[in-house]
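So you can see what is in the structure, the chains are spelled out below.
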Amino acid sequence: MTQFAQRAVTWSENWRRFRKNKAALIGGLIVLAVVITAIIAPVISPYNPDDVVAGRLQPPSNKFWFGTDGIGRDCLSRVVWGSRTALMVGLGASLISVIVGVAFGSIAGYYGGIIDDAMMRICEILLVIPSFFLYILIVSIFRVRGPEYIAVLLALTGWTELAKIVRVDFFSLKEREFTKAAIGLGASDIHIIFRYLLPNDLAPIIVVATMNIAGFIIMEAALSFIGLGDPTACSWGIMLSQGRQYIGYAWWLATFPGLATFITAVGFNFLGDGLRDSLDPRLRGTI
Amino acid sequence: MTEEGEKLLSIKDLKTHFFTERGVVKAVDGINLEIGKGKILGLVGESGSGKTVTALSIVRLVSYPGKILNGYILFQNENLLEKNEREMRHIRGNRISMIFQDPMSCLNPVFTVGDQVAEAIRLHQDIPRSEIEQSVVNIFEKVGIPDAKKRLKEHPHKFSGGMRQRVMIAMALSCHPDLLIADEPTTNLDVTIQLQILNLMRKIKRDFKTSILLITHDLGVIAEMADHVAVMYAGKIMEYSDVVEVFSNPLHPYTKALLESVPRLDVETRRLRVIPGTVPELLNPPDGCRFSPRCAYTREVCRKEVPPLIEIKRGHSVACLRMNDIDTERGDNNV
């Protein structure tokens, strides 16, 4: 019964708790800033990110705040536009992994038995393959490069954690009295899953999905850095990788995209942490 | 087991066993029950006597590793044990509804109570969306939730235990079921609220002609509510009769012992009697009569033969081999 009382806290209560958490609020503001930057990128970026606007390797100045790169493009504009790629990969991969993971976990967790066994083995197979090598393998076989492909690629293995979480939560939720009562009233399987199990499992799904975004953004940067991204795209990872060769005498090339990646990842992590602290019933009362 | 009036439900020789790793648990082991139209049957027994399993068997919600092995459950002349899952789903909540012991956890915390009652209605009835709110308000008023229009927009955590039980009853009644199974509906409520809920159930029985299977271990509730009583012990029915008969003329030693262990205001006693021992573990039920290890009147024969449920008087059945002797003999508590 106490467990139930904890679960029954409303979203307005969650919001109040979230607001009190400084780190979460900062994370939320960073995420908001990145999202706004990405949306209004054409407005705020001083130059077209693909245009050669000055001599190569100009240090940061009043005209070019973040300097210019190896072929004379404005770094600030490229960092601003890079937020679009980062968000597209991060949000896209997270969205796909939520859809796949939740569907997979729901079916395994609700039906249990042999279905669950089979599905979990598939999950484990994906988990034991080192995902980085899998990415390299797939990119080199299919020669797919763009950020949208990277999003799909990252989601390919990224959904397993969510599937496991949803599955385990379903095991316990389907034994709860309100589920049993609904079955007693003649509710169908689909009905039970969508009205009783999933809505009660939203909090952990949201938390994990948010935390995953940070991981996906870093992963995209890493993949681009080792040369698996689209070299013509405006991506922080690619900027890092291209800046590497000039690191000795043009520090700004790698520094600004690196900072952008770092701050965005920290933002999503703080946000995820804050969400967990305010949504997770097991932690409630400890803060 | 004959009674006046029409039968709504009759259970014959129902066996529900649980196949656990440690062995077979005979939770319900060959019981017969009948519920008349518009009547309340009280099913009493200690914890673990198989009352809830009986209820779950009726709606076919016994979960793994439990299995209904034998018997039939005749509901409005249809055998529920022959129905497939889809047909059962149509019966559950529509023709047979259940309410449970713990109203605090029986409502979905993420939706408003109005939503949930509306959903219960929509599961079985084709009511247009525009009219559904009105029907929810009507049901709320029927089960005595004040300020229904406002309260149906609130989430369950804003409701007290008694109010939640009313919501549960509202959901259970939303499709006017013929049979309401109430599994300890008042156990977790305080006494004044208990009385209100019991009165509500009586009103439901009267207004809707709903039959009720009332499961409880509270003999006081049974005396207040039931028309007939079945006393269950260790998966078997020990005594079955109408309520007056059971309380005034109990014949089974177990029923007698149960009644003696209820505190009474009108009789002065220093100590309440208790029944020695505990309900037997159903993995290894005692041979013969299942009550024999705890019974004050046990003889050799009780440990060997299983007593059949015999109708000794019109509408009064008892499962005891020695019921004719024990009136003349004092129990000697040979446990």
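Residues numbered from 1 in each chain as written. Chains lettered and ligands numbered in written order. Predicted model: local features only at pLDDT ≥ 70, side-chain atom pairs only at ≥ 80, totals over all residues. Heavy atoms only, no water.

## With respect to the pairing of strand β11 (residues 310-313) of chain B
All names here are of chain B. Pairing between β11 and strand β12 (residues 316-318): 3 bridges, direction antiparallel. The partner of K313 across the bridge, within β12, is H316. Hairpin remark: β11 followed by β12, antiparallel, with 2 residues in the connecting loop; positive phi at G315, about 80°. (Pairing = 2+ DSSP bridges. Helix = DSSP H or I, 4+ residues; strand = E, 2+ residues; numbered from the N terminus.)

## Some remarks on the interface of chain A and chain B
The partner chain B presents 27 residues to the 20 residues of chain A that form the contact. Together, the buried faces of chain A and chain B total about 2,200 Å²; carbon and sulfur atoms form 64% of this surface. With 6 residues, the single largest contributor to the side of chain A that touches chain B is helix α9 (residues 177-184) of chain A. When its residues are assigned to classes, the side of chain A that touches chain B shows 10 nonpolar, 6 polar and 4 charged. (Contact = heavy atoms within 4.5 Å. Buried area = accessible area lost by both parts, 1.4 Å probe. Nonpolar A, V, L, I, M, F, W, Y, C, P; charged D, E, K, R; others polar.)

## A word on the pairing of strand β4 (residues 66-75) of chain B
Where a strand is regular, its side chains alternate between the two sheet faces. All names here are of chain B. Pairing geometry for strand β1 (residues 7-20) and β4, over 8 bridges, is antiparallel. Bridge pairing in β4 places I11 opposite I73. In this structure, β4 lies alongside strand β5 (residues 78-79), joined through 2 bridges in antiparallel fashion. Each residue of the ladder has a partner; that of L74, found in β5, is N79.

## Remarks on the layout of surface pockets
Where empty space is left can be seen by rolling a probe of water-molecule size over the atoms. The calculated volume of the largest pocket comes to roughly 980 Å³. Only α5 (75-111), α9 and α10 (189-197) of chain A together with α1 (51-58), β4 and α2 (85-91) of chain B provide two or more residues apiece to the lining of the largest pocket. Of the residues forming the lining of the largest pocket, the biggest block, 4 residues, is contributed by α9 of chain A. Taken together, the residues of the lining of the largest pocket break down into 11 nonpolar, 5 polar and 12 charged. Empty space within the second largest pocket amounts to approximately 430 Å³. Every residue lining the second largest pocket is counted, 17 residues in all, and those nearest its centre are H217, D218, L219, G220 and V221 of chain B. Counting only elements with at least two residues in the lining of the second largest pocket, the list comes to α7 (191-208) and α8 (219-225) of chain B. Class assignment of the residues belonging to the lining of the second largest pocket gives a composition of 9 nonpolar, 5 polar and 3 charged. (1 Å grid on protein atoms, 1.4 Å probe; cavity = no way out; pocket = protein on both sides within 12 Å on 5 of 7 lines; lining within 4 Å. Points joined across faces, edges and corners; volume = space filled by probe spheres on them.)

## Focus: the packing of helix α11 (residues 202-225) of chain A against helix α12 (residues 236-244) of chain A
The description of two helices packed together rests on the angle between their axes and the distance between the axes. Residue and element names in this part refer to chain A. The contact between α11 and α12 brings their axes to 7 Å, and the two run at 40°. Here α11 is positioned oblique relative to α12, judged by the angle of their axes. For the element pair α11 and α12, the recorded crossing hand is right-handed. Residue-level contacts link A221, S224 and F225 of α11 to G237, I238, L240, S241 and R244 of α12. Considered class by class, the residues forming the contact of α11 with α12 number 4 nonpolar, 3 polar and 1 charged. (Axes fitted to C-alpha atoms, helices over the stretch in contact; angles between N-to-C directions. Parallel < 35°, antiparallel > 145°, perpendicular 65-115°, else oblique. Left-handed = near helix turned anticlockwise from the far one by under 90°.)

## Here's the deal with empty space enclosed by the protein
This model, assessed by the stated rule, comprises 3 cavities of 30 Å³ or more. If you add up the space inside the largest cavity, you get close to 70 Å³. Together, 14 residues line the largest cavity, and P253, C289, C295, C302 and C320 of chain B are the ones closest to its centre. Residues belonging to the lining of the largest cavity are distributed by class as follows: 10 nonpolar, 3 polar and 1 charged. For the second largest cavity, the calculated volume is near 50 Å³. At the level of secondary structure, the elements contributing two or more residues to the lining of the second largest cavity comprise α5 and α12 of chain A. When residues in the lining of the second largest cavity are grouped by element, the largest group, 3 residues, is from α12 of chain A. Residues belonging to the lining of the second largest cavity are distributed by class as follows: 3 nonpolar, 2 polar and 2 charged.

## Looking at the packing of aromatic side chains
Per the counting criterion, the structure on display carries 11 aromatic pairs over all chains. The interplanar angle of 90° and the centroid separation of 5.0 Å between the aromatic rings of Y110 of chain A and Y111 of chain A together place this pair among those described as edge-to-face. A centroid spacing of 5.8 Å and a plane angle of 85° characterise the contact between W251 of chain A and W252 of chain A, whose relative ring orientation is edge-to-face. Judged by its relative accessible area of 5%, W252 of chain A falls in the buried class. A network of ring pairs unites the aromatic residues F66, W251, W252 and F256 of chain A as a single cluster. Above the face of the F111 of chain B ring, R195 of chain A is positioned so that its terminal group lies 3.9 Å from the ring centre. (Phe/Tyr/Trp six-rings, centres within 6.5 Å; stacked < 30°, edge-to-face > 60°. Buried < 20%, exposed > 50% of the residue type's maximum accessible area, 1.4 Å probe, protein only. Lys NZ or Arg CZ within 6 Å of the ring centre and 35° of its normal.)

## Quick look at the sheet that holds strand β8 (residues 211-216) of chain B
All names here are of chain B. What the 8 strands build is an open sheet, ordered β6-β7-β8-β3-β9-β10-β12-β11; its pairing is mixed. What marks the edges here is a single partner per strand, and that holds for β6 (96-99) and β11. Each adjacent strand pair in this sheet contributes to an overall mean axis angle of 20°, direction not counted. Relative to β8, strand β3 (residues 40-44) runs parallel, the two being bridged by 5 bridges. Opposite G42, over in β8, you have L214 as the bridge partner.

## Structural notes on a nonpolar patch on the surface
Residue and element names in this part refer to chain A. Judged by side-chain polarity, L29, L32, I36, I39, I40, V43 and I44 come together as a nonpolar surface patch covering roughly 660 Å² of accessible area. Elements represented by at least two residues in the nonpolar patch include exactly α3 (22-39) and α4 (41-44). Considering each element in turn, the nonpolar patch owes the most residues, 4 residues, to α3. Tracing the chain through its elements places I44 in helix α4. (Patch = residues over 30% accessible without salt bridge, like charges linked within 9 Å, V, L, I, M, F, W, Y side chains within 5 Å. Areas by Shrake-Rupley, 256 points an atom, 1.4 Å probe, with all protein chains shown as cover. Salt bridge = Lys/Arg side-chain N within 4 Å of Asp/Glu carboxyl O.)

## Notes on the environment of E239 of chain B
All names here are of chain B. Positionally, E239 belongs in strand β10 (residues 236-242). Exposure remark for E239: the relative accessible area of 0% places this residue in the buried category. Residue contacts for E239: discarding those within four places in its chain leaves V229, A230, V231, N249, P250, L251, H252, T255, L309, H316, S317 and V318. Among the polar contacts made by the side chain of E239, one reaches the side chain of T255 at a distance of 2.6 Å. Within the structure, the side chain of E239 is placed 2.6 Å from the side chain of H316, a separation counted as a polar contact. (Polar contact = N/O pair within 3.5 Å; in protein donor to acceptor, adjacent residues only side chain to side chain.)

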